Amino acid sequence: MKALELVDTARRMMMAGKGLLAMDESNPTCNQRFAALGIPQTEEARRAWRELIVTTPGLADSISGAILYDETIHQSCADGTPFVKVLTEAGIVVGVKVDTGAKALAGHAGEKVTEGLDGLRERLQAYAAIGARFAKWRAVIAIGAGLPSVACITANAHALARYAALCQEAGLVPVVEPEVLMTGDHTLQRCAEVGAQVLHEVFEQLHVQGVLLEGIVLKPNMLLPGLACSHQDGLDEVADATVTGLLRAVPAAVAGVAFLSGGQSAELASARLSAMNQRFKSQLPWALTFSFARAIQQPALEIWRGEPGNVAQAQRALQHRAACNSDARQGEYLAAMDDLGKSSVLG
Ligand code: 13P
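Residues numbered from 1 in each chain as written. Predicted model: local features only at pLDDT ≥ 70, side-chain atom pairs only at ≥ 80, totals over all residues. Heavy atoms only, no water.

Caption draft 1: Fine view of the site of the ligand. Taken together, 13 residues surround the ligand, and among them K136, K219, S261, G262 and R294 come closest. Within the side chain of K219, an N or O atom sits 2.6 Å from an oxygen atom of the ligand. When the ligand is considered free in solution it has 300 Å² of accessible area, and contact with the protein chains removes 93% of it. Broken down by secondary-structure element, the contributors of at least two residues to the shell around the ligand are β6 (134-141) and β10 (287-292). The residue inventory of the shell around the ligand, partitioned by class, reads four nonpolar, three polar and six charged. (Near = heavy atom within 4 Å. Polar contact = N/O pair within 3.5 Å; in protein donor to acceptor, adjacent residues only side chain to side chain. Areas by Shrake-Rupley, 256 points an atom, 1.4 Å probe, with all protein chains shown as cover. Helix = DSSP H or I, 4+ residues; strand = E, 2+ residues; numbered from the N terminus. Nonpolar A, V, L, I, M, F, W, Y, C, P; charged D, E, K, R; others polar.)

Caption draft 2: Expanded view of a nonpolar patch on the surface. Together, L334, M337 and L340 line one region of the surface with nonpolar side chains, adding up to about 330 Å² of accessible area. With respect to the helices and strands, L334 occurs in the loop between α12 (311-329) and α13 (335-346). (Patch = residues over 30% accessible without salt bridge, like charges linked within 9 Å, V, L, I, M, F, W, Y side chains within 5 Å. Salt bridge = Lys/Arg side-chain N within 4 Å of Asp/Glu carboxyl O.)

Caption draft 3: Geometry of helix α8 (residues 188-208). Taking 1.5 Å of rise per residue, 21 residues should cover 30 Å, and α8 covers 30 Å from first to last C-alpha, within 8% of that figure. Three or more residues of α8 are buried, namely L188, C191, V194, G195, V198, L199, V202, F203, Q205 and L206. End-on, the buried residues of α8 take up no more than an arc of 160°, which puts them together on one face. For α8, the exposed residues lying more than 90 degrees away from the buried face are Q189, H207 and V208. On the buried face of α8, the contacting elements are β6, α7 (150-169), β7 (173-180), β8 (217-218) and α9 (235-249). In the segment just after α8, G210 is the residue with positive phi, at about 75°. (Expected span 1.5 Å × (residues − 1). Buried < 20%, exposed > 50% of the residue type's maximum accessible area, 1.4 Å probe, protein only. Arc of directions from axis to C-beta. Contact = heavy atoms within 4.5 Å.)

Caption draft 4: Summary view of the packing of helix α10 (residues 266-280) against α12. The contact between α10 and α12 brings their axes to 7 Å, and the two run at 20°. Regarding the angle of α10 to α12, the classification is roughly parallel. Listed contacts from α12 to A266, E267, S270, L273, S274 and N277 of α10 are R321, C324, N325, A328 and R329. Of the residues that constitute the contact of α10 with α12, the class distribution is four nonpolar, four polar and three charged. (Axes fitted to C-alpha atoms, helices over the stretch in contact; angles between N-to-C directions. Parallel < 35°, antiparallel > 145°, perpendicular 65-115°, else oblique.)

Caption draft 5: Inspection of the sheet that holds strand β1 (residues 19-22) at higher detail. Ordered in space as β1-β2-β3-β6-β7-β8-β9-β10, the eight strands form a closed barrel in which the pairing is parallel. Note: β7 against β8, two bridges, orientation parallel. Considered in β8, the bridge of V175 is made with V217. Where α8 meets the sheet, its contacts fall on β6, β7 and β8, and the angle it forms with β7 comes to roughly 150°. (Pairing = 2+ DSSP bridges.)

Caption draft 6: Expanded view of the pattern of salt bridges. Taken as a whole, this structure holds 20 salt bridges when the rule is applied. Here E169 ties to R121 by a salt bridge, and the two come within 2.6 Å at their closest N and O atoms. Taken together, the positions of E169 in helix α7 and R121 in helix α6 (residues 120-129) put the pair 48 residues apart, joining distant regions of the chain. Taken together, the shared-partner salt bridges connect E267, R321, D338, D339 and K342 into one network.

This is the structure we're talking about:
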């Protein structure tokens, strides 16, 4: 029974032409993004921003699921309608971030392990009772001199697998997010090596814990050269490396793959996703879509800046980015159309 429910939820999350919207920034992360734009870092400002997002007209045309944060999943619109109700009625599946953050890994300077397993069974039951149908857990892996260590990869993969098993027990689809960071001067080749190591360990641990692959969504990074690498590979090289790496490591039974954006510009994230779908469409055993936070929200946040008078324009910018990524998921994103759309948003 649970298996059927999980598979059905995962299919709805991976619906043709759509992707996931990550709006699950923790309060400190959300506050940091607000501070950079001079927006007050208050609970009310965070609520108003999330209301702007969930009430964006046409959002459900491109977005199949939204990932909320603990504070947000309990919040409501100014008129009292809970966000969960607004999203569910629009046909958007509700998810929630359930890890409690990446903390320093003992004995391994510069590396982190994600925490949050204690009490997770009870928290998942509570989230399911208020309407969540999927969850997210993010592990972070840094590349550097001598990094990542085997200790970092195995500790994070083990935690991801235990989280995934608990989610499935509660009837929630786990979004499994092992993020290899873009920070550093490493090459695309080095990112591909680390990405392969990480994905092989994650799927090994998922297998050990008995996780149903048809009932998970993988949320990986794209394989990219480090931000400080002197050679920045083109769209086709990134698309080929990323899809080849995924085809080698991700079992065909997995319901879908939805990328994080990781600090790429909104336009590059769309162009890279589109190149992957365009070049590999007929060879992919799983859906290849997006689960972006910054690459969907940032342009709209920069328009909103906490001003009620900017809400409609910010919503148009958000809808535009979501639509660009919907095109990209189908291999049909065009930078020229993106520019045209942006000028119409700005009026
Ligand atoms: P970005 O798309 O901004 O990387 O965020 C995705 C996410 O959910 C990180 O956990």
